[in-house]
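# Working through the structure, step by step
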Amino acid sequence: AILVKIQPNGGDLTIELPVGAAIGGMVMDSLNNQPIAGAEVSMQDSAGFMKKALPDASGLYELRGVTVEAKRSRDKDNDPRIQAIAPGYARNSNTLVQVVDGKLTPNQDIQLDRACDVSGRVTDATGKGLGGVRLSVTRAHNPSLPMRLSQGPPTETSPEGTFFLRLVSPGS
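This write-up is about the structure you can find in this document. (Residues numbered from 1 in each chain as written. Predicted model: local features only at pLDDT ≥ 70, side-chain atom pairs only at ≥ 80, totals over all residues. Heavy atoms only, no water.)

Quick look at the side chain of serine 42 now. Mapping serine 42 onto the fold places it in strand S2 (residues 40-44). A relative accessible area of 5% means that serine 42 is categorised as buried. What serine 42 contacts, discounting residues up to four positions off in sequence, is Met50, Lys51, Lys52, Arg81, Ile82 and Gln83. (Helix = DSSP H or I, 4+ residues; strand = E, 2+ residues; numbered from the N terminus. Buried < 20%, exposed > 50% of the residue type's maximum accessible area, 1.4 Å probe, protein only. Contact = heavy atoms within 4.5 Å.)

Right, here's the structure in full:
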């Protein structure tokens, strides 16, 4: 935010806006390091503005005009966190990036894991299907992330106990 005080008969007013920071890198498949077509990189900067970039055919992206503010919040830092999504891949979220106003922060490469669909059946100890059980998938805790991340909307088992979860990333 820019605070401007206007005085009567104060003459011309000049407002100089900061250049902003830029973040660049490549979005690639975590298995083969090949660029991912159709990916989207996004972030919310320290001023609360959403920035988005679509990588080119070689997977390169650049987010420009990232606002860098010195304000402090309840979080430990004000540095932006980037995320990437692509069809058939699990979302990669909360990658912390340190930025400097007027400078490009390069080599912020993002690897996406291929996602898979998971189906199954929830049963009791006798093997009878349990309907109405709510299931959700979260990523295993990573110390560099401030929170556990949901991998999609929860689902509920059918009356027979069957379920289907889409776009689950590999892991346990």
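A cluster of nonpolar side chains, namely Ile6, Leu13, Ile15 and Leu17, defines an oily patch on the protein surface of about 450 Å² accessible area. In this structure, isoleucine 15 sits in the segment before strand S1 (21-29). For isoleucine 15, a relative accessible area of 48% gives the class partly exposed. (Patch = residues over 30% accessible without salt bridge, like charges linked within 9 Å, V, L, I, M, F, W, Y side chains within 5 Å. Areas by Shrake-Rupley, 256 points an atom, 1.4 Å probe, with all protein chains shown as cover. Salt bridge = Lys/Arg side-chain N within 4 Å of Asp/Glu carboxyl O.)

What follows covers the pattern of salt bridges. For the coordinates displayed, the defined rule picks out three salt bridges. A salt bridge links aspartate 29 to arginine 114; its shortest N-O distance comes to 2.6 Å. You can see aspartate 29 sitting in strand S1 and its partner arginine 114 sitting in the loop between strand S8 (110-112) and strand S9 (116-121), a full 85 residues away along the chain. Relative accessible area serves as the criterion here: at 41%, arginine 114 is assigned to the partly exposed category.

Next up on the list: the side chain of lysine 51. Tracing the backbone shows lysine 51 in strand S3 (residues 50-53). Among the polar contacts listed, one links the side chain of lysine 51 to the backbone oxygen of glycine 65, at a separation of 2.9 Å. Apart from the residues lying within four places of it in its own chain, the contact partners of lysine 51 are Val41, Ser42, Met43, Asp45, Leu63, Arg64, Gly65 and Val66. (Polar contact = N/O pair within 3.5 Å; in protein donor to acceptor, adjacent residues only side chain to side chain.)

For the rest of this paragraph, the subject is the environment of aspartate 124. When you line up the elements, aspartate 124 lands in the loop between S9 and strand S10 (134-135). The class of aspartate 124 is partly exposed, set by a relative accessible area of 29%. For the pair aspartate 124 and glycine 161, spaced 37 residues apart in the sequence, the C-alpha separation amounts to 9.5 Å. A distance of 2.6 Å separates polar atoms of two side chains, one belonging to aspartate 124 and the other to threonine 126.

So, about the environment of phenylalanine 49. Following the sequence through the fold, phenylalanine 49 ends up in the loop between S2 and S3. For the pair formed by phenylalanine 49 and valine 66, sequence separation is 17 residues and the distance between their alpha carbons is 8.1 Å. Not counting residues up to four positions away in its chain, the partners in contact with phenylalanine 49 are Met43, Gln44 and Thr67.

The next subject is unusual backbone geometry. Not every positive phi belongs to a glycine, and asparagine 33 is a case in point at roughly 60°. Owing to a relative accessible area of 43%, asparagine 33 belongs among the partly exposed residues under this scheme. Despite not being glycine, asparagine 107 shows a phi value in the positive range, around 60°. Here asparagine 107 lies in the loop between strand S7 (104-105) and S8.

What follows is about the nonpolar core. As a rule of thumb, soluble globular proteins bury nonpolar side chains together. Within the largest apolar cluster, 19 residues are counted, with the highest numbers of intra-cluster contacts made by Ile23, Tyr61, Leu63, Ile82 and Leu112. When contributions to this core are tallied by element, the ones reaching two or more residues are S1, S2, strand S4 (60-66), strand S5 (81-85) and S8. Counting residues in hydrophobic clusters, the runner-up holds six residues, among them Leu135, Val137, Phe163 and Val168. (Core = buried A, V, L, I, M, F, W, Y, C linked by side-chain atoms within 4.5 Å.)

With burial as the criterion, only one face of S3 is covered, namely that bearing Lys51 and Ala53; the residues Met50 and Lys52 on the opposite face remain uncovered. Pairing geometry for S2 and S3, over four bridges, is antiparallel. In the strand pairing of S3, methionine 43 is matched with lysine 51. Once S2 ends, the chain turns through five residues before running back antiparallel as S3, passing glycine 48 with a positive phi of about 90°. (Pairing = 2+ DSSP bridges.)

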